[in-house]
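# Structural overview
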Amino acid sequence: ISVGFLEDPTHWIHLPSTIEIWTSHNGVDFELAAKRKNRNESQSTKSQIKSFRFKTSKDFRYLKLKASMADNLSLKNSILDKKPILAMDEIFLQ
């Protein structure tokens, strides 16, 4: 499983701090298949797409992806009226 996220700090678009992959056979009972913490806090002001790859050892029919943002984003970028966002590009299953 490969997931791409856009990072563009000048427009308050940040990478997730945690990504979880949940899988299921029936679409009701999901199990955590993979989890990754992203500690890379880029200081770049340029837009880029970063891919995260996951390996799962189980077969599945349904997939849920949960991406969380850090609670303590850089204060130098803080703007009172603007909230940070996540922008996911694509999910590839191979």
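First things first, this report covers the structure right here in the doc. (Residues numbered from 1 in each chain as written. Predicted model: local features only at pLDDT ≥ 70, side-chain atom pairs only at ≥ 80, totals over all residues. Heavy atoms only, no water.)

### A look at the pattern of salt bridges
Per the stated rule, a full pass over the model turns up one salt bridge. One salt bridge connects Lys35 with Glu20, and the closest N-O pair in it is separated by 3.8 Å. Residue Lys35 is located in strand S3 (residues 31–37), and its partner Glu20 is located in strand S2 (residues 18–24); the two are separated by 15 residues in the primary sequence. (Salt bridge = Lys/Arg side-chain N within 4 Å of Asp/Glu carboxyl O. Helix = DSSP H or I, 4+ residues; strand = E, 2+ residues; numbered from the N terminus.)

### Examining the packing of aromatic side chains
We describe a pair of aromatic rings using the distance from one ring centre to the other and the angle between the two ring planes. All chains considered together, the criterion is met by one aromatic pair. Ring geometry for Phe5 against Phe52: centres 6.0 Å apart, planes inclined by 75°, an arrangement best described as edge-to-face. Taken as a pair, Phe5 in strand S1 (residues 2–7) and Phe52 in strand S4 (residues 48–53) lie far apart in primary sequence, 47 residues in all. Residue Phe5 shares its accessibility class with Phe52, and that shared class is buried. For Arg36, the ring lying beneath its charged end belongs to Phe54, and the centroid distance is 4.7 Å. One residue, Lys64, lies across the ring of Phe30, its end atom 4.3 Å from the ring centre. (Phe/Tyr/Trp six-rings, centres within 6.5 Å; stacked < 30°, edge-to-face > 60°. Buried < 20%, exposed > 50% of the residue type's maximum accessible area, 1.4 Å probe, protein only. Lys NZ or Arg CZ within 6 Å of the ring centre and 35° of its normal.)

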